[in-house]
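Residue-level listing of the chains:
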Amino acid sequence: MALADYKDMVHRCFRCGYCKFTSDYSYVGFNCPIYSKARLESYSPGGLMWLIYASLVKGKLKPSKHFSEILYSCTMCRNCSEECKFQFHDDIVHVLKAAREEMVDRQLMPPMVSQFLKNVYDYGNPYRELKENRDNWAENTDIRHYEEDDEFLYYVGCVGSYDTVSQKAARALGNVLLRSGLSFGILGSREICDGNEVDMLGEKGLFEFLKEENTKTFKELGVKKIVTLSPHSYNTLKNNYSDEFEVFHYTQLLRDLIKSGKLDVSRGFKAKVTYHDPCFLGRYNNEYDAPREILTAIPGIELIEMERTKENSFCCGGGGGNFYTDVIGGGENTPSRIRVREAHETGASILAVSCPVCMMMLEDALKAEGLENDLAIKDISEIMDAALA
């Protein structure tokens with residue numbers, strides 16, 4: 001829906017402020033990541049609603065460069081929709097996305113957002129990497145390209161394919177799937193961006209192009225089932241693509257493979273582990289159990305929860321394209337550094353993740369906090385790989 005379709009809803013928000021907190025009003029801090037960092041009302045969801053209404057709906061304020069930066073610093077983590085007490089709570093992120101579509105139409109995006117979108121259009125990924133290099137991460141493994149009779153397409157996504165930290169998770173998941181005996185393959189150079197971030201940044205036309213191209217490839221190859229490394233890919237393939245494809249996040253598939261006896265984790269993995277919920281698996285798709293069921297099934301793991309967890313989890317700060325655009329900016333109060341400190345306070349030696357974007361953001365934060373000797377960031381696929389008998 002266009003922004004004009006939400007004009008009455010935007011006007012009804014009277015900035016009560018519940019959207020900034022957790023449902024249990026945790027003492028840890030504000031749960032809206034950009035308000036937590038800026039501590040200015042204009043950065044809160046209610047403040048953004050007012051700015052959107054005044055500038056893009058009523059035209060009383062000229063959309064400025066600063067307004068654009070505030071709007072695009074939002075990570076689209078959906079805490080506001082979770083905590084808003086009014087009937088329109090689910091529409092808050094839709095309003096933010098519609099406002100961004102308006103900014104794209106007027107070409108008023110921050111430069112890094114424009115660069116992100118241009119790179120995806122030109123290269124099929126935000127990193128300006130050649131498509132021929134998309135499966136370099138799989139070199140020296142037995143992971144092969146998808147063939148027509150394979151049961152699953154392993155969709156890796158841009159971050160897992162090109163980011164050197166996240167490639168470790170891509171390889172680990174491939175190795176675990178190989179050991180399960182599952183029939184699967186990757187797309188290699190035929191894989192292009194799934195478009196989740198493009199959609200969140202408001203480039204509707206480019207998102208539809210990516211969706212059409214990916215759908216055409218899936219159909220040509222006879223794909224029926226897709227397993228994704230990234231919750232971002234899972235979210236858009238499951239909710240915005242055709243329902244003729246059955247889509248799983250990898251934690252859901254690995255959980256089922258353990259239960260069916262196709263993956264034997266009896267070797268165990270001895271460690272105190274805390275788990276960070278990714279927004280696009282948790283708040284967007286209500287999947288909180290599968291990652292925890294995997295971790296608790298592995299002998300030797302002691303799972304310790306952080307104060308903010310599940311629907312109250314605190315975003316790593318990478319959503320809405322911020323892992324690349326960094327419109328939210330740096331400093332000791334960035335969401336990823338706060339989250340790493342929270343994980344360290346539990347006494348855990350491992351902060352487990354199930355998202356390549358979270359992995360990249362938290363790994364950088366770990367170095368900034370100087371905690372590399374006290375805490376390690378590991379994807380659940382890496383822990384599984386080490387625990388298999």
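Check the entry above for the structure.
I will try to describe carefully the structure that is included in this document. (Residues numbered from 1 in each chain as written. Predicted model: local features only at pLDDT ≥ 70, side-chain atom pairs only at ≥ 80, totals over all residues. Heavy atoms only, no water.)

A word on the overall build of the protein chain
Consideration 1: A tally of helices and strands in the protein chain yields 18 helices and 8 strands.
Consideration 2: Radius of gyration (C-alpha) of the protein chain: 20 Å, near the 21 Å computed for a compact globule of 389 residues.
Consideration 3: Structurally, the protein chain occupies a C-alpha span of about 65 × 50 × 35 Å along its principal axes.
Consideration 4: By element, 45% of the accessible surface of the protein chain is carried by carbon and sulfur atoms, the whole surface being about 15900 Å². (Helix = DSSP H or I, 4+ residues; strand = E, 2+ residues; numbered from the N terminus. Rg over C-alpha atoms; globule rule 2.2 N^0.38 Å. Areas by Shrake-Rupley, 256 points an atom, 1.4 Å probe, with all protein chains shown as cover.)

Focus on the pairing of strand E5 (residues 271–275)
Consideration 1: Along E5, 4 of the 5 residues are buried, which leaves the element largely enclosed by surrounding structure.
Consideration 2: Relative to strand E6 (residues 301–303), E5 is paired through 3 bridges, and the arrangement is parallel. By the bridge assignment, Lys 272 is partnered in E6 with Glu 302.
Consideration 3: Crossover handedness for the path E5 to helix H14 (residues 289–297) to E6: right-handed. (Buried < 20%, exposed > 50% of the residue type's maximum accessible area, 1.4 Å probe, protein only. Pairing = 2+ DSSP bridges. Right-handed = clockwise from strand over helix to strand, strands pointing away.)

Notes on the state of the cysteines
Consideration 1: Tallied over the entire structure, the rule returns 0 disulfides.
Consideration 2: Free cysteine: Cys 16, not disulfide-bonded; nearest cysteine sulfur from Cys 19 at 6.2 Å.
Consideration 3: A disulfide-free cysteine, Cys 193 has its sulfur positioned 4.0 Å from the sulfur of Cys 158, the nearest such atom. (Disulfide = S-S within 2.5 Å.)

Thoughts on the sheet that holds strand E8 (residues 376–379)
Consideration 1: Ordered in space as E6-E5-E7-E8, the 4 strands form an open sheet in which the pairing is parallel. With partners counted over all chains shown, the strands left at the sheet margins are E6 and E8, one partner each. The sheet shows a mean angle of 35° between the axes of neighbouring strands, taken without regard to direction.
Consideration 2: Of the pairings in the sheet, the one linking E5 to strand E7 (residues 350–353) comprises 3 bridges and is parallel in character. Bridge pairing in E7 places Thr 274 opposite Leu 351.
Consideration 3: Relative to the sheet, helix H17 (residues 356–369) contacts E7 and E8, its axis offset from that of E8 by approximately 170°. (Axes fitted to C-alpha atoms, helices over the stretch in contact; angles between N-to-C directions. Contact = heavy atoms within 4.5 Å.)

Some thoughts on the sheet that holds strand E3 (residues 225–228)
Note: strands within a sheet are paired through backbone hydrogen bonds, in either parallel or antiparallel orientation.
Consideration 1: On the basis of which strands lie adjacent, the open sheet formed by 4 strands has the order E2-E1-E3-E4 and parallel pairing. Looking at strand neighbours, the two that pair on one side only are strand E2 (184–185) and strand E4 (246–249), the edges of this open sheet.
Consideration 2: Pairing between strand E1 (residues 152–155) and E2: 2 bridges, direction parallel. Opposite Leu 153, over in E2, you have Gly 185 as the bridge partner.
Consideration 3: Its contacts with the sheet put helix H9 (residues 167–180) on E1, E2 and E3, and the angle it makes with E1 is roughly 165°.
Consideration 4: The sheet strands contacting helix H12 (residues 231–239) are E1, E3 and E4, and the helix crosses E4 at an angle near 160°.

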